[in-house]
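Read off the chains here:
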Amino acid sequence: MNDRADPYGFSPRVLEVGHAPRTALCGYLLAGLGARVTKLATPERAADDPERAAWDRAMSIYLDRGKAAATGPPELAELDVVLAGSDAELVERLGTGAAGLRASRPGLVVALATEFGRGGEYRTYAGGDLLALALGGLLSMIGERGREPLRLGGNQAEYAAGLALFTAVLTGLYAGERSGTGALVETSAVRAVAYLDWKSHVYYADRGTILQRGSDSGPLVLECADGYVGFYYRDEEWPQVKQLVGDPRLADERFASQLGRDRHRAEFAAIVNEFSRRHRRAELYHRSQARHIPAGSVLGMAELVGEPQLTAREFFETRQVDGVPVTVPKLPWTVDGIRGRPASTGPAAPAPAPAQPPAPGGGPLAGLTVVDFGTITAGGRTTQLLGDFGATVIKVEGPARPDPFRHWSGVTGEAGAGDLASPPFRVVGRNKEAVAIDLKQPDGIALLRRLVEGADLLVENFRRGVMERLGLGFETLRSWNPRICLLSISSQGADGPERDYVSFGGTLEALGGMMAVTGYGPAEPTWTTSKVNYPDQAVALLAPGLALWSALVARRRGRGVHIDLAQRETVVALIGELVTMASLTGTTPVAAGNLAPGELGLCLPARGTDEWVAVSLTDEAHWRGLVAGAGRPELAADPRFASPAGRRSHHAALAGELAGWSRERDKAELARALRAAGVPAAPVLRAFELPAEEPARGESLHVAVPTIAGAPEPQVGWPFTIDGPAQPAIRRRAPRVGEDTLTVLRRYGVEQDRIDALLDAGVIAVAGSDPANRVPAGQERSTG
């Protein structure tokens, strides 16, 4: 894998088999980091639907960049990684499956990403994105209560699997660099989707709370003179909201708290919308941001291309396709300030470290040390995944400014009590050591320097400028440790006119175009709300792979890199084929319920409250099976439904015609009956229902995690699996603030007398069973 012509000294040779968007996305991401990717495509049926054909064409333009094409497989000895959408695909094109490939070349990383999994009944499912969203639980969380669940715009189940596969491949490569062996890594769209909906699982495990879809609390989607703005604010920003709107009615005591605003939501929304309709999107966006109110304009596909922030960061490129210029998004990160590989070759790469057998009980990433400045989801889950797979993760918090996730009440509306009371933090904090250091004091910076000198990677997702104000810019970190890598996760990126704007996941869905293609129709842009916060979840699948790539680069060339990952750009990248399609065809994709190009997606109500079955019709055989299975053959003669175009135009009427039949049946029974009739269908599952599905899956999605009370709680496990003796594991519960301060500092050579002095000076804090080692009174309830 050593390639002296590569600027980073790391360019694995990758074979991508097939057309699946999930493997195509993984191959595209790897190619963007310098991998030599060859695509061995399988014959694909031409799309009869013009919109589907345009979508397929846009997908190829978008995801096949940087890849070589091949008509026949290369020699296995020339490969480091093989990507495929199924074992059957490998057998068809390479003559052998994953097990045969691993046996013939033990050093190979074989990476499989199926739609529904390789085991149990799920392996027989047929369908696509809508069904994977249904079986993974995420579909139940999108849309409004009392209405059918909604798919996310684009290929989000496929792309979630592609992101998981990317991180899985880098995990296999990193582990193989140490052990000299390869790996079989596997994911599925259903597994990746379940990983995205982790909050639903942990809240149910903690208190039996069933999170439900719906923008029924907190942020609003406001109407403007020229569209919509996602208006995401927290309780502490309420004074600025009142100042911005300037309406005396907001001084009413009913609106003084978030709970009151939620109870009187219709009246509150009417007042704010009365104000917002007098303004254009851009004006309201910038005026809100000037008051540090998170907000984001809902932008369509064509509008993204001219956005000042994305333009300043050179996020788009124009390619000639059959003589026509087509605008396509680039990758959502820069390396050392450069988007894409630098042209210079750089220094020759040093030889990799000698192979080492896996440590007993160690995970695939054993030996990797991470200093964790990650907070909330995007940073916290990135480092959690690295820790789950064996990295040593040292979480650094301020004694008086702990991770806000420790006291998170944004999902349930309940106030937390104690630094481990928050269910989300117990997930993102697992498998980590916690140290509490005041970085505003010189002695605190000196302690951090010790940690950095012994680390491979530092991950942070602070607001832009915080690291520099602390004196912890990348040049400083690199002066302490030339091999250190810095992964910075931010909402808009490290530069550009909007780099300092405040954001949450929902506003990035607006600014990144996701809301414009998610909704019951173009006039109802829909976000995933704080219950999901999709951009955070997607980044937490992508970022661990980037972190591992940077660590491999540092090992090979002897010096680290700085990766700047922008969440807004990640959102655009995850609908990149729709942006490409808008440029290619001149027609802008918009929200269309559960429809997708070439697919009539329906959610039919089943027996019970909020019970649904997802149905995916992509050809006439599916349509005939649906009307036959429903016992409604007369619908085939109805002029409204006589053609695919007619069925799309009248999809709501079609669902209404079938609702009386479907409501009389249990959703599992209904899905089985439809599949027996040849119709791709799946029950829309909720998080608490997934454990009962594990026998049908042939695998578990959950792990038991200890708590401070001792009784373990089930949490979502891992987005992919890896073979071999080194496995991911839950080694410990989430720590309290400063719980490991003494252990870590002693490990790094700090003497006890020095530790006592630092405690007395308030530079460090500790927590634990010893009363002398507790966080000072009042700090446990700090909201950060």
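Here the structure is a predicted model, which is why all the values come from computation and not from measurement.

Colleague: How should the pairing of strand β17 (residues 485-490) be read in this particular structure?
Modeller: The side chains of a regular strand alternate between the sheet's two faces. With respect to burial, β17 is a largely interior element, 6 of its 6 residues being buried. Burial of β17 is two-sided: the residues C485, L487 and I489 facing one way and the residues L486, S488 and S490 facing the other way are all buried. Here strand β16 (residues 457-460) pairs with β17 via 4 bridges, running parallel. Directly across from E460, in β17, lies its bridge partner S488.

Colleague: Would you mind going over the packing of helix α6 (residues 156-179) against helix α7 (residues 189-196) with me for this structure?
Modeller: Two quantities define a packed helix pair, namely the angle between the axes and the distance from one axis to the other. Running from N to C, α6 and α7 point in directions that differ by 90 degrees, and their axes come no closer than 8 Å. Here α6 is positioned roughly perpendicular relative to α7, judged by the angle of their axes. When α6 is examined against α7, the residues A157, A160, A161 and A164 are found in contact with a partner set consisting of A189, A192, V193 and L196. Per-class residue counts for the contact of α6 with α7 are 8 nonpolar, no polar and no charged.

Colleague: Just checking my understanding: could you explain the confidence of the model for the chain for this structure?
Modeller: Detail in the predicted coordinates should be disregarded across regions flagged by low pLDDT. Predicted confidence across the chain gives a mean pLDDT of 92, with 93% of residues reaching 70 or more. This model gives residues 344-348 a pLDDT under 50, and the stretch forms 7 contacts once residues within four places in sequence are excluded. Low pLDDT (under 50) marks residues 769-784, which in the prediction has 26 contacts with non-local residues, meaning those over four places away or in another chain.

Colleague: Just checking my understanding: could you explain the packing of aromatic side chains for this structure?
Modeller: How two aromatic rings sit relative to each other is given by the distance of their centres and the angle of their planes. Enumeration according to the criterion identifies 19 aromatic pairs in this entry. Considering the side-chain rings of Y232 and W527, the 5.5 Å spacing of their centres and the 65 degrees angle between planes classify their relative orientation as edge-to-face. Placement of the pair is Y232 in the loop between β8 (227-231) and α9 (238-245) and W527 in the loop between α20 (505-511) and α21 (529-532), with a sequence separation of 295 residues. On the basis of relative accessibility, which here comes to 5%, the residue Y232 falls in the buried class.

Colleague: Even after reading the chapter, I still don't get the nonpolar core, so can you show me in this structure?
Modeller: Residues L30, W333 and W549 are the most contacted members of the largest nonpolar core, which totals 155 residues. Ranked by residues supplied to this core, first place goes to helix α22 (residues 534-557) with 14 residues. Not counting chain neighbours up to four residues away, the residues in contact with W549 comprise Y8, F10, L33, L170, V335, V561 and I563.

Colleague: Explain the sheet that holds strand β5 (residues 109-114) to me, please; I cannot follow it from the model alone.
Modeller: Whether parallel or antiparallel, the strands of a sheet pair through hydrogen bonds between backbone atoms. One open sheet holds the 7 strands; their spatial order is β3-β2-β1-β4-β5-β6-β24, and the pairing between them is mixed. Strands at the two margins of the open sheet, each flanked by one partner only, are β3 (67-69) and β24 (721-722). Here β5 runs beside strand β6 (residues 183-188); their pairing, made up of 6 bridges, is parallel. Paired with A111 across the bridge in β6 is V185. Its contacts with the sheet place α7 against β5, β6 and β24, and it is angled at close to 70 degrees to β6.

Each value, and the rule that gives it
- Residues numbered from 1 in each chain as written.
- Predicted model: local features only at pLDDT ≥ 70, side-chain atom pairs only at ≥ 80, totals over all residues.
- Heavy atoms only, no water.
- Buried < 20%, exposed > 50% of the residue type's maximum accessible area, 1.4 Å probe, protein only.
- Helix = DSSP H or I, 4+ residues; strand = E, 2+ residues; numbered from the N terminus.
- Pairing = 2+ DSSP bridges.
- Axes fitted to C-alpha atoms, helices over the stretch in contact; angles between N-to-C directions.
- Parallel < 35°, antiparallel > 145°, perpendicular 65-115°, else oblique.
- Contact = heavy atoms within 4.5 Å.
- Nonpolar A, V, L, I, M, F, W, Y, C, P; charged D, E, K, R; others polar.
- pLDDT = per-residue confidence, 0-100.
- Phe/Tyr/Trp six-rings, centres within 6.5 Å; stacked < 30°, edge-to-face > 60°.
- Core = buried A, V, L, I, M, F, W, Y, C linked by side-chain atoms within 4.5 Å.

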